[in-house]
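Notes for the structure review
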There are 2 protein chains.
Amino acid sequence: MKEKDFILAIKKILNSKYIGDDCAYIEELGIVISQDNLIEDIHFKKDFATPFQIGYKSAMVNISDICASGAEPKYLTVGLSLPKDTDVEFVEEFYKGLKEACDKDVEIVGGDITGSEKICISITAIGSTKNRKISSRKNAKIGQKIIISGPHGSSAGGLEELLAGNRKSKLIESHLMPKAQKEFSKEIASTIKEDYAMMDTSDGLMDALSQISKESGVLLEIDFDKIPYDKELEKFDNYKSLILYGGEDYQLIATVTDPKNYTVIGEVKEGSGVKIGSKTYTTDEIENNLFNHFKEKK
Amino acid sequence: MKEKDFILAIKKILNSKYIGDDCAYIEELGIVISQDNLIEDIHFKKDFATPFQIGYKSAMVNISDICASGAEPKYLTVGLSLPKDTDVEFVEEFYKGLKEACDKDVEIVGGDITGSEKICISITAIGSTKNRKISSRKNAKIGQKIIISGPHGSSAGGLEELLAGNRKSKLIESHLMPKAQKEFSKEIASTIKEDYAMMDTSDGLMDALSQISKESGVLLEIDFDKIPYDKELEKFDNYKSLILYGGEDYQLIATVTDPKNYTVIGEVKEGSGVKIGSKTYTTDEIENNLFNHFKEKK
């Protein structure tokens, strides 16, 4: 967990109110901004994904960060560094994938293209906060319900299939072509009056729950049976772990007083950590579990 | 010049009004945005520059892009990918360098940190267009004077010294620790009434002149003797080439009707290309010269 030490060092040097959520909320300009680096053989493999899929997912990951803030995703810039032997078809397909993920709502407005040894993609997404109430992982309040936008574990299941060489499972689509939850985000952020927490589950459902618990100083009590998942996952012995700790589903969770018709998976309580069934996990335990879950994949 | 083919392909797919200038000007949000990737052993070498200097220059390069647009540099996000063996001191020094370049005016509000094989830095800069008139390289008009913010060739001279193993030259400072021309940008963009072109000379003075000539459909007539440069450069046989084609000085050039007290190096005329003395260079010739100049450095 070296990245954790790096982040601590950075926080100390910057001493900034902005570092914490996935997006920085710049009130003065009415925008949120988020940037992610995606590196070949660390975040994606050319053996598993087509250039189109790499472009699509790169954009979606960043659009999802904006959705998690509650802002409206509007613009992307794309820094792309490529090995010398890259052909123009790769660039074309990559950009077609980006454009597909952007759909009609998000526009690519700039970026940079350079050489490198391995592919390095860095995408910055900008969202508009106009008519939206912006979330923070610090905002969960006792009594709020925990709602969820969709199923979990599918992306991790898809990765298991790819690693096992099984290319026919429908779970693979969830891993390679995830969809940011724009509508869920919009419905909540454009109608809610109270402060609320919202996060995407890019690093796993338990990670998102743990971050909100830690930053808000509350206990999140979860009913595992309420978490939606694809029944195909049950073929894996560790399917419950895939649902809880598998990342990259890019669904959203939020804490709200009025859950309307959304799927409620739990409630915000006094205390700390995440309670599932009769067991309460501390945020440190969850971090260790996440670490071990990902270590298995290396 | 493979990057040129890539950019052509991207322009065709995106069909966007935004791609062209270094910054994208998003009127709706009152911002400009710019992103640059900097890759180890392509854009910088750890042998030549300290982590502090790498951080400093990475921020300055992007702040300079914002200055070129005429906007006020305000915020940065930083995507940083690092090899496994990187120590926390590198990250600390890198961030101290970033912070030094940001000074009091620019705030680092977010980013990402991941693993990679070689260091990959991607920085996004955001500027506010409030009370500023934004430039475009399409805006040069016949009769405008061409003004320049400072000396050229120092950074390229500094790189020559580093490559020759001479670490004592004061030119090296210009290469490792360039300064974005914030004041020049502010004075022009906050007072000018007419449309104007402005660019930084990150890829060399001739590149900037060539881009403005091409995009505005005009001839730029330059008096070489008016271009400021450090006399120390004269020790290099090719010093005139360093002044015209050497990159990374991060000075600004602009086309304005009233040059006030600024250094005037030429005038916008009817025609095309860049005229120096009695010779007119087409934009294609300049591109070839730039390519050959940089090829020598590989």
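Residues numbered from 1 in each chain as written. Chains lettered and ligands numbered in written order. Predicted model: local features only at pLDDT ≥ 70, side-chain atom pairs only at ≥ 80, totals over all residues.

In this section: the overall build of chain A. Each helix and strand counted, chain A has 9 helices and 12 strands in total. The C-alpha radius of gyration of chain A comes to 19 Å, within 12% of the 19 Å expected for a compact globule of 298 residues. Among the 298 residues that make up chain A, the fraction classed as buried is 53%. Of the contacts formed within chain A by residues at least 6 apart in sequence, a portion of 85% connects residues at least 24 apart. (Helix = DSSP H or I, 4+ residues; strand = E, 2+ residues; numbered from the N terminus. Rg over C-alpha atoms; globule rule 2.2 N^0.38 Å. Buried ≥ 20, exposed ≤ 12 C-beta atoms within 10 Å, placed from the backbone. Contact = placed C-beta atoms within 7 Å.)

Right, let's get into helix H2 (residues 51-69) of chain A. Residue and element names in this part refer to chain A. Taking 1.5 Å as the rise per residue, H2 with 19 residues should run 27 Å; its terminal C-alpha atoms sit 28 Å apart, in good agreement. Counting buried positions along H2 yields 18 of 19 residues, so the element is predominantly enclosed. At the exit of H2 stands Gly70, carrying a positive phi of roughly 95°. (Expected span 1.5 Å × (residues − 1).)

Our focus in this paragraph is the relation of the copies chain A and chain B. Expressed as a screw transformation, the operator carrying chain A onto chain B has a rotation angle of 180° and an axial translation of 0.0 Å, and the superposed copies differ by an RMSD of 0.0 Å. Such a combination of rotation and displacement between the chain copies is what one expects of a two-fold axis. Among all C-alpha atoms of chain A, that of Ser122(A) lies closest to the rotation axis, at 3.2 Å. Comparing contact sets, 100% of the residues at the interface of chain A also lie at the interface in chain B, consistent with an isologous, same-surface contact. (Least-squares fit on C-alpha atoms with pLDDT ≥ 70 in both.)

Counting from both sides, the interface comprises 50 residues of chain A and, opposite them, 50 residues of chain B. Listing elements by their share of the side of chain A that touches chain B, those giving two or more residues are helix H1 (2-14), strand S1 (24-26), strand S2 (31-39), strand S3 (72-82), helix H3 (88-102), strand S4 (107-115) and strand S5 (120-128) of chain A. Here the side of chain A that touches chain B gets 9 residues from one element, more than from any other, and that element is S4(A). Its residues assigned to classes, the side of chain A that touches chain B shows 24 nonpolar, 16 polar and 10 charged. (Nonpolar A, V, L, I, M, F, W, Y, C, P; charged D, E, K, R; others polar.)

A word on the packing of H2(A) against H3(A). All names here are of chain A. H3 packs onto H2 with a crossing angle of 40° between their chain directions and a minimal axis gap of 6 Å. Judged by the inter-axis angle, H2 sits oblique to H3. Crossing hand, H2 versus H3: right-handed. On H3, the residues that touch Pro51, Phe52, Gln53, Ile54, Gly55, Tyr56, Ser58, Ala59, Met60 and Ile63 of H2 are Phe90, Glu93, Phe94, Tyr95, Lys96, Gly97, Leu98, Glu100, Ala101 and Cys102. Of the residues in the contact of H2 with H3, the class split is 13 nonpolar, 4 polar and 3 charged. (Axes fitted to C-alpha atoms, helices over the stretch in contact; angles between N-to-C directions. Parallel < 35°, antiparallel > 145°, perpendicular 65-115°, else oblique. Left-handed = near helix turned anticlockwise from the far one by under 90°.)

On to helix H7 (residues 205-216) of chain B. All names here are of chain B. Spanning 12 residues, H7 covers 17 Å between terminal C-alpha atoms, matching the ideal 16 Å at 1.5 Å per step. Among the 12 residues that make up H7, 10 are buried, leaving the element largely enclosed by the rest of the structure. When H7 is considered as a whole, its buried residues turn out to be Leu205, Met206, Asp207, Ala208, Leu209, Ser210, Gln211, Ile212, Ser213 and Ser216. Looking one or two places after H7, you find Gly217, whose phi comes out positive at around 65°.

This part takes up the sheet that holds strand S9 (residues 252-256) of chain A. Residue and element names in this part refer to chain A. Taken in spatial order, the 7 strands make up an open sheet running S7-S9-S6-S10-S8-S11-S12, and their pairing is mixed. The outermost strands of the open sheet, each flanked by one partner alone, are strand S7 (197-200) and strand S12 (279-281). Between one strand and the next, the sheet's axes are offset by a mean angle of 25°, whatever the strand orientation. Packing against the sheet, H2 makes contact with S7 and S9, and its axis sits at approximately 170° to S7. (Pairing = 2+ DSSP bridges.)

A few words now on the sheet that holds strand S9 (residues 252-256) of chain B. Residues and elements named next belong to chain B. A sheet is described by the order of its strands in space; here 7 strands give the open sequence S7-S9-S6-S10-S8-S11-S12, paired in mixed fashion. Among the strands making up the open sheet, the edge pair consists of strand S7 (197-200) and strand S12 (279-281). Here the average twist between neighbouring strands, direction ignored, is 25°. Alignment of strand S8 (residues 219-222) against strand S10 (residues 263-269), held across 4 bridges, turns out to be antiparallel. Each residue of the ladder has a partner; that of Ile222, found in S10, is Gly266. Relative to the sheet, helix H2 (residues 51-69) contacts S7 and S9, its axis offset from that of S7 by approximately 170°.

On to the domain arrangement of chain A, then. Bring the parts together and some accessible area is lost; that lost area is often taken as the interface size. Residues and elements named next belong to chain A. Entries for chain A in the domain assignment read domain 1 (15-128) and domain 2 (145-297). For domain 1 versus domain 2, the separation of C-alpha centres amounts to 22 Å. At the junction of the two partners, domain 1 supplies 14 residues and domain 2 supplies 17 residues. Residues belonging to the side of domain 1 that touches domain 2 are distributed by class as follows: 9 nonpolar, 3 polar and 2 charged. (Domains from an automatic or database assignment.)

Residues and elements named next belong to chain A. Phi at Asp103 is positive, roughly 55°, even though this residue is not glycine. Looking at the element boundaries, Asp103 is found in the loop between H3 and S4. We note that Lys260 has phi near 45°; this positive angle belongs to a residue other than glycine. By the secondary structure assignment, Lys260 is in the loop between S9 and strand S10 (263-269). Accessibility expressed as a C-beta count within 10 Å gives 11 for Lys260, which makes it exposed.

This brings us to the pairing of S7(B). Residues and elements named next belong to chain B. In S7, alternate side chains face the same way, and those of Ala197 and Met199 on one face and Met198 and Asp200 on the other are all buried. Where S7 and S9 come together, 4 bridges link them in antiparallel fashion. Bridge pairing in S9 links Ala197 to Thr255.

Close contact between H1(A) and helix H3 (residues 88-102) of chain B brings their axes to 9 Å; oriented N to C, the two are set at 30°. One way to sum up the angle between H1(A) and H3(B) is to call them roughly parallel. Note that H1(A) runs across H3(B); the crossing there is right-handed. Contacts between H1(A) and H3(B) involve Asp5(A), Phe6(A), Ala9(A), Ile10(A), Ile13(A) and Leu14(A) from the first element and Val88(B), Val91(B), Glu92(B), Tyr95(B), Lys96(B) and Lys99(B) from the second. Class assignment of the residues belonging to the contact of H1(A) with H3(B) gives a composition of 8 nonpolar, no polar and 4 charged.

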